[in-house]
Amino acid sequence: MTDLLQLVFAGLAQGSVYGLVALGFVAIFAVREIVNLVQGEYAALAGLSAISAVGAGLPLVVAVLVVIPLVMGIAVLLERLTIAPIKKMTPLTSIILTLGVSTAVKAIMLLIWGPEAKGLPTFPGSDMTIGGVSIRSQELWVLGISVIVAYATIWFYEHTIRGKSLRACAEQPVAARLVGISPRTATVVAFAVAGFTGAVAGVVGSPIYLSSWQSGLSLGLKGFVAATLGGLTSLRVAMFGGVLLGVLENLVAGYLSSGYRDAVAFVVLVLVLLFRPHGLARKTSGVRV
Amino acid sequence: MNPMLKRQLPFLGLAVAMLLFGLLAPHQMVDVGIWALIYGIAAIGLSLLMGLAGQVSLGHAAFIAVGAYTQALLVGNAGWNPLLAAPVAVVASMLVALLVGLPLLRLRGHFLALATLGLGIIVGVFVNEQEFTGGTSGIFGLPNLEFGGRSYDTAQEYFLLLTPVVVIGLWLANNVVHSRTGRALSAVNDSEVAAECLGVDTFALRLRVFVLSAAYAGLSGVFYTHWLTIVNPSVSHFELSVKILLMVVLGGLGTVWGAVIGAIAVQLLDEGLREIIPVLIPSAKGEIQLIGFGVVLVLVIILMPGGLAQLWNKLRSAVQERRHPIIRGEHEHPISQKEQRELLEESLTLLARSDHMPAGQIILKIRGLTKRYGGVTALDHLDLDVKAGEIMALIGPNGAGKTTAFNMITGVLPPTEGSVVLQGIEVAGKQPHVAAAIGATRTFQNLQTFKSTTVIGNVKVARHLRSKAGLLRGMLLLDRAEEKLIDEASQAAIDAMGLTALADKPIADLAFGKQRQVEVARAMALEPSVLLLDEPMAGLSGPERDSLSWLLRRVKDSGVTVLLVEHDVAAVMALADRVAVLDDGKLISLGTPAVVTSDPKVIAAYLGEEDSDTNDSTAGATAAAPTTAIPATGGPA
Amino acid sequence: MQRSMRVLSTGLAIGLAVSMAACSESKTPTTTPAGTDAGGEIKVGVVLDITGAGASLGVPERQTVEMLADQVNAAGGINGRKLKLFIEDNQSTEDGAAKATSKLLNTEKVDILLGASRTGPSLAMRPLAEKAEKPMISFAANAKIVEGSKWVFKTAQNDRVVLENMVDDMKAKGLTKVAVARDASGFGEGIPEMLTEIGKTAGITVAAVEKFAPDATDFTSQMTNLRASAPQAVLIWGIPPAAGLAQKAYKQLALNVPVYQSHGIGNQAFLDTAGDTANGLRAPLGRMLVADQLAADDPQKPVVTKFIADFKAKYNASPSTFAGHAYDGFMIAVESLKKAGTDPVKLRDAIEATSKWPGVSGVFTMTPTDHSGLTKDALVIVTVDNKAWKVAG
């Protein structure tokens, strides 16, 4: 029983990080129908930049507060440079394009930070053991910050006029323009939000899960799977899906074999697509003409 | 020279060039060349998948890995003859693709891409975890390829062995592009809905191409195994998938030649970057050549979406332009209406079929057909019987639900409820190709032409259901006789519409009205039993409208049922046997033109709608059709 | 479009072929005549994982080889013949290793092959060396690299040697129930099985086995399962940073039993990752890490001390164990070349005849059945005290 709780708890923390990355997928997909494969790179970039900032002598809090807007800026800049110039964006184009960007960003990180994985210092606090379940203080930080960020993101999209009209932009470009939001603004905001959730995932996760030039790949993939659970459009399900995935991975690693941990996400993806394809298709009744 | 033979010449040229390269180039270049060819085989397959099926595999290395591991296990562990093992290895890759493709290819857009990315990881984890695949060390100490008393263990010999494999692989792939399957899938990429309505089973064809592309990857894996003599999990890794993808994108989508050119270019780029980057940045460690891969991918997509092929074409046409400036202008020989009708009589005999339902029987039975979007009901319990051999017109103000009804009858939209029985078979909620196979096809209010091809190219797609060459026959060029028939029938349909002079023009160069005529010709080339035309007169000139009306009557005489939505009420009343009037989703009147035009409900509906109608047509500046939504007062002309 | 592509490709291919032919010097020789000792420069081909996943191994190995070649040449070469190094990067890939090896053998016609840094690329090189009948010395550890081979040798100790040391230590402490967390890659392959086999006589059993990916970062699930098996000792078999993170998780999940680590942790990166949690662990490591604590009469002492001093002087960093493997491989090659010259068969025989030769990783004695050359005496049990290596009492 203790073991089960231990595995579940570790999974909750890990899963929150996936959930944050998944939010970014949804934010962009809802506006541009693009699966942004650079999503995981935002997290890796934030983690590595924060490590360098701390290494340069900045206090942890300052480093984090500097890095998050930086990554948001880079996310928007990359969108302006690579995605904005494309006139006719097909799924094929968007995948190749964002794959290219993600590959280049990875290599740049490799060039700057080298191949080794590094970790940010843990946030303040001390580890504890409750009922035989060992809890790292960082895991509590991850959980707490994830909940706040996820809630804030959902609130922004669902309860502010601006957020609501941003989402409407995807479905009703004309209507959105009427309330004063251009598709361009909506895209920029979406990438900023994606950069934000990705960067937060990167910095809170870095002390436990480390950051390296290639940590974005699997993080991004798992975030995508979580987002798929929410049909790529539901922020709530995406966040919840991420947490679920994290728990499931830990249970598989604990009770089956840790070697299969990374396969869990994709088995889930295939199963979901197999049995709930309608839960995934955005508008099943949509006119295709 | 025979054009068919001429088409084969470049392959001969490639073979000779590769032979010379293999014999004369220094050892080190041949070594690089071998890898370009091994990965090039996989790239040819991926090029088919991306160019034809419009889908992308981000885990293509997984299929290479399945082929490589199967070959290694069979040859290394089970002691099979490599030549016997190779087909099994290829089939293993195909099976995996089939398993992945069956659930995933039904979904549009991004899912196959992401799922194949996951497949790459799963295959990697699997071979890493299993003992029979040798875990991380993999399977090593495998033999070089040996047959016919020769061991292909030097770079030169292996290159020369690969040469015919690549040339033949490319030839087969090129044949697929030009086959019935290739034509249909290319049409799907231009307009999926139009292709489906012409009977193209998108899913089935995509699945076949996906499986075929996995076969190429599997074959690539076989050659990988025998050259490297060691297979370990790294063969399934993401980096290799990206590399293969880059080969296809850089070479140019839509031409399989691009894959081979891309393979050479990327292999050289790879070698070059690995040499250059450490010199420029001495501290660089790791797979820094990825930076080049990423940047090249992005630049190609932004600046040169057609890859090297596009660049080559631009250069070539620029040179040609300078040498022989093209004289702009049409070379159409206008033919008189009389001549055209003579032509038409001839072509109609070609299209005539004897298996139409006897006139007067109910060919299309619609019951309770309803479509609701949230709270809005677009069509409300429509009941309608259409008799074989009649021309039935569906009219009504904008937003009355005419096109919605068409969409549900042809399977483009699933109905919320209700049934559509076509020639005794329920088609409601099925894919459009199902209705097409039963004999119902359509044209579209908003043009759905296949923009990347010519007029005749558009029409040929409609012969999909009237021909049957599969992937294999197309690959092996065993479809020539059938292709000839397709050409003839398509030409006949074009002649019938009076478009003979435009047959070889790119459809995108045609005026709107002409494109609409091509759509009608295309629909007729299918030899449908029920022809559904959505505003066929829109955008046509007066004489063109007269021709079309005349044509439709002739079509009807040959036993075809015609159902049309039309705004030109005068034309409708002149043409239709019966008219159904929809207003606000409901059928308000049904009968002969005379009955309908005197129905007070119809007059009220049209008068009441006039304002919003004009608003609509200005806002949605689509068809720019001179619609005349006035109450029809005149009787049948 | 189609046609033009064909014309393009044909033209391109012909162009390539012609230009290649023009600059081609030799018409692709396939095998080199064996058994000649022509004099002149001695060509040493080195294939290393300089970039990619194995870069942390390959880079110090390259530094070592370059440094040693300079030293040998500065001292007048081998029997008057200078050494010429051909260093190739295999990018940590198997196909890269095969490509590089075939280039060295066919184009550069090297007399001996060194490398690669890791098992996979070494295995890819092996058949090529055997086919060309040239001696090869790998710096990687896996016994499969040399098993049954006539031409291939290696200098990193076998896993067996490491486990024998551990079993001895466990036996002395009376620990019999061991839970193992091993690296899921080639480095950890077969370890629990081998431990069971070697530990049989000492009554040691393996209570639980968990695996972790080399790039794993969270070890909660593995350590939870190990804890559940109630072991008397834990063995973590991996390389940093994973080995260090596992060490941390072991402490954090309060597995209050002795912990053993493998020889894979012998570098600063491990100490940095594990921090204070490393205190008290036990690991069989080479003498290089504890060079300052060696007895004065230790045969390895002068070799190790000089190597560390030279390396520090030249690169301003401490050499890693991997640099040590490169030292041993290179110097065994040099010693054998001195005795036998460059005739491949004689050279191979000379390498196989290496006996009681003190290197950095241990004292080597090669035999026709042992192409690895190290016994369990090569290692000492080392512990960590406050981020420093100490010979365990």
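Not measured: the values here are computed from a predicted model.

**Some words on the overall build of chain A**
A tally of regular secondary structure across chain A gives 12 helices and 2 strands. Listing every helix and strand of chain A by position from the N terminus yields α-α-α-α-β-β-α-α-α-α-α-α-α-α. Computed over C-alpha atoms, the radius of gyration of chain A comes to 19 Å, within 12% of the 19 Å expected from 2.2 N^0.38 for 289 residues, which places it in the range of a compact globule. Here chain A holds 289 residues, and the buried ones make up 56% of them.

**Things to note about the overall build of chain B**
Within chain B, the regular secondary structure consists of 24 helices and 14 strands. Counting all 637 residues of chain B, 57% fall into the buried class. Long-range pairs, those at least 24 residues apart, make up 76% of the contacts in chain B between residues at least 6 apart in sequence.

**So, the sheet that holds strand β6 (residues 376–387) of chain B**
Residues and elements named next belong to chain B. Across the sheet, 4 strands lie side by side as β6-β5-β8-β9; this open sheet has antiparallel pairing. The strands lining the two open edges of the sheet, one partner per strand, are β6 and β9 (425–426). Pairing of strand β5 (residues 362–373) with strand β8 (residues 417–422) involves 5 bridges; the strand directions are antiparallel. The residue bridging R367 from the neighbouring strand is S419, located in β8.

**Description of the nonpolar core**
In this structure, V26(A), A199(A), A238(A) and A521(B) are the most contacted members of the largest nonpolar core, which totals 437 residues. Ranked by residues supplied to this core, first place goes to helix α1 (residues 2–32) of chain A with 17 residues. With near-sequence residues (within four places) excluded, A199(A) lies in contact with Y42(A), A43(A), A46(A), V67(A), I68(A), V71(A) and M72(A).

**A word on the pairing of strand β13 (residues 578–583) of chain B**
Residue and element names in this part refer to chain B. When you tally the buried positions in β13, you get 5 out of 6 residues, the bulk of the element. Relative to β13, strand β7 (residues 391–395) runs parallel, the two sharing 4 bridges. Pairing of L394 across the sheet is with A580, part of β13. Sheet analysis places β13 next to strand β14 (residues 586–591), joined by 5 bridges and oriented antiparallel. Note on β14: the bridge partner recorded for V581 is S589. From the end of β13 to the start of β14, which pair antiparallel, there are 2 residues, and D584 there has a positive phi angle of about 55 degrees.

**Notes on the domain arrangement of chain B**
Buried accessible area, meaning the area lost when the parts come together, often serves as the stated size of an interface. All names here are of chain B. Domain annotation of chain B identifies domain 1 (3–236) and domain 2 (350–448 + 517–619). Distance from the C-alpha centre of domain 1 to the C-alpha centre of domain 2: 47 Å. Domain 1 puts 9 residues into the contact, and the matching count from domain 2 is 12 residues. Tallied by class, residues from the side of domain 1 that touches domain 2 come to 5 nonpolar, 2 polar and 2 charged.

**Digging into the confidence of the model for chain B**
Residue and element names in this part refer to chain B. The pLDDT averaged across chain B works out to 84; a share of 89% of its residues lies at or above 70. Across chain B, helix α3 (residues 60–77) holds the top mean pLDDT of 95, while helix α24 (residues 600–619) sits lowest at 58. Contacts for the low-pLDDT stretch residues 609–637, under 50 throughout, to residues beyond four places or in other chains number 40 contacts. Scoring the predicted complex yields pTM 0.82 and, for the interface, ipTM 0.83.

**A look at the sheet that holds strand β3 (residues 112–115) of chain C**
Residue and element names in this part refer to chain C. Judged by pairing direction, the sheet is parallel, and its 5 strands sit side by side in the order β2-β1-β3-β4-β5 without closing on themselves. With partners counted over all chains shown, the strands left at the sheet margins are β2 (83–89) and β5 (152–154), one partner each. Sheet twist, expressed as the mean angle between neighbouring strand axes with direction ignored, is 20 degrees. Looking at chain direction, strand β1 (residues 42–48) and β2 are connected through 7 bridges and run parallel. Looking at β2, one finds that G45 is bridged to F86.

**As for the environment of A576(B)**
Topologically, A576(B) is positioned in the loop between α22 (569–575) and β13. Through-space distance from the C-alpha of A576(B) to that of F223(B) is 65 Å; in sequence the pair is 353 residues apart.

**Focus: unusual backbone geometry**
Residues and elements named next belong to chain C. Residues G115 and A116 are joined by a peptide bond in cis, for which omega reads 5 degrees. Mapping A116 onto the fold places it in the loop between β3 and α4 (119–132). Cis rather than trans, the peptide bond between P240 and P241 has omega equal to 5 degrees. As for its placement among the helices and strands, P241 is situated in the loop between β8 (233–237) and α8 (242–252).

**Remarks on helix α10 (residues 238–251) of chain B**
All names here are of chain B. If you check α10, its first and last C-alpha atoms are 20 Å apart, about what 14 residues at 1.5 Å a residue would give, namely 20 Å. Within α10, 13 of the 14 residues are buried, leaving the element largely enclosed by the surrounding structure. One or two steps after α10, the chain reaches G252, where phi turns positive at roughly 125 degrees.

**A look at the pairing of β8(B)**
All names here are of chain B. Examined bridge by bridge, β8 and β9 share 2 bridges and lie antiparallel to one another. Within β9, the position partnered with L422 by the bridge is I425. As consecutive antiparallel partners, β8 and β9 are separated by 2 residues, and within that stretch Q423 has a phi angle of approximately 45 degrees, a positive value.

**With respect to the interface of chain A and chain C**
Listed by partner, the interface residues are 20 residues for chain A and 18 residues for chain C. Of all the secondary structure elements, the ones that give two or more residues to the side of chain A that touches chain C are α1, α8 (183–209) and α10 (235–255) of chain A. With 5 residues, the top contributor of residues to the side of chain A that touches chain C is α1(A). Residues belonging to the side of chain A that touches chain C are distributed by class as follows: 8 nonpolar, 9 polar and 3 charged.

**Let's talk about the packing of α1(A) against helix α2 (residues 39–55) of chain A**
Residue and element names in this part refer to chain A. Two elements in contact, α1 and α2, have axes separated by 9 Å at closest approach and are oriented at 130 degrees. Relative to α2, the element α1 is oriented oblique. For the pair α1 and α2, the sense of crossing is right-handed. For the pair α1 and α2, the contacting residues are V21, G24 and F25 in the first and Q39, G40, Y42 and A43 in the second.

**Observations concerning the packing of α10(A) against helix α7 (residues 220–228) of chain C**
As a packed pair, α10(A) and α7(C) sit with axes 8 Å apart at the nearest point and diverge in direction by 40 degrees. By the angle class used here, α10(A) and α7(C) are oblique. Crossing of α10(A) against α7(C): the hand is right-handed. Side by side, α10(A) and α7(C) meet where N250(A), A253(A) and G254(A) of the first sit next to T220(C), S221(C), T224(C) and N225(C) of the second. A class-by-class count of the residues in the contact of α10(A) with α7(C) yields 1 nonpolar, 6 polar and no charged.

**Re the environment of L235(A)**
Residue and element names in this part refer to chain A. Along the polypeptide, L235 turns up in helix α10. It is 28 Å that separates the C-alpha atoms of L235 and I135, two residues lying 100 residues apart in sequence. When neighbours within four sequence positions are excluded, L235 is seen to be in contact with L23, V26, T153, I154 and Y157.

**Considering helix α3 (residues 60–83) of chain A**
The end-to-end C-alpha distance of α3(A) is 33 Å, a good match for the 34 Å that 24 residues give at a rise of 1.5 Å each. All of the buried residues in α3(A) are A63(A), V64(A), V67(A), I68(A), V71(A), M72(A), I74(A), A75(A), L78(A), E79(A), T82(A) and I83(A). The inward-facing, buried residues of α3(A) abut α2, α4 (91–113) and α8 of chain A together with α12 (289–303) of chain B.

**Let's talk about the confidence of the model for chain A**
Per-chain confidence: chain A averages 85 in pLDDT, with 91% of residues scoring 70 or above. Low pLDDT, under 50, characterises residues 279–289 of chain A; the predicted model gives this stretch 19 contacts beyond four residues in sequence or across chains.

Calculation criteria
Residues numbered from 1 in each chain as written. Chains lettered and ligands numbered in written order. Predicted model: local features only at pLDDT ≥ 70, side-chain atom pairs only at ≥ 80, totals over all residues. Helix = DSSP H or I, 4+ residues; strand = E, 2+ residues; numbered from the N terminus. Rg over C-alpha atoms; globule rule 2.2 N^0.38 Å. Buried ≥ 20, exposed ≤ 12 C-beta atoms within 10 Å, placed from the backbone. Contact = placed C-beta atoms within 7 Å. Pairing = 2+ DSSP bridges. Core = buried A, V, L, I, M, F, W, Y, C linked by C-beta atoms within 7 Å. Domains from an automatic or database assignment. Nonpolar A, V, L, I, M, F, W, Y, C, P; charged D, E, K, R; others polar. pLDDT = per-residue confidence, 0-100. Axes fitted to C-alpha atoms, helices over the stretch in contact; angles between N-to-C directions. Expected span 1.5 Å × (residues − 1). Parallel < 35°, antiparallel > 145°, perpendicular 65-115°, else oblique. Left-handed = near helix turned anticlockwise from the far one by under 90°.

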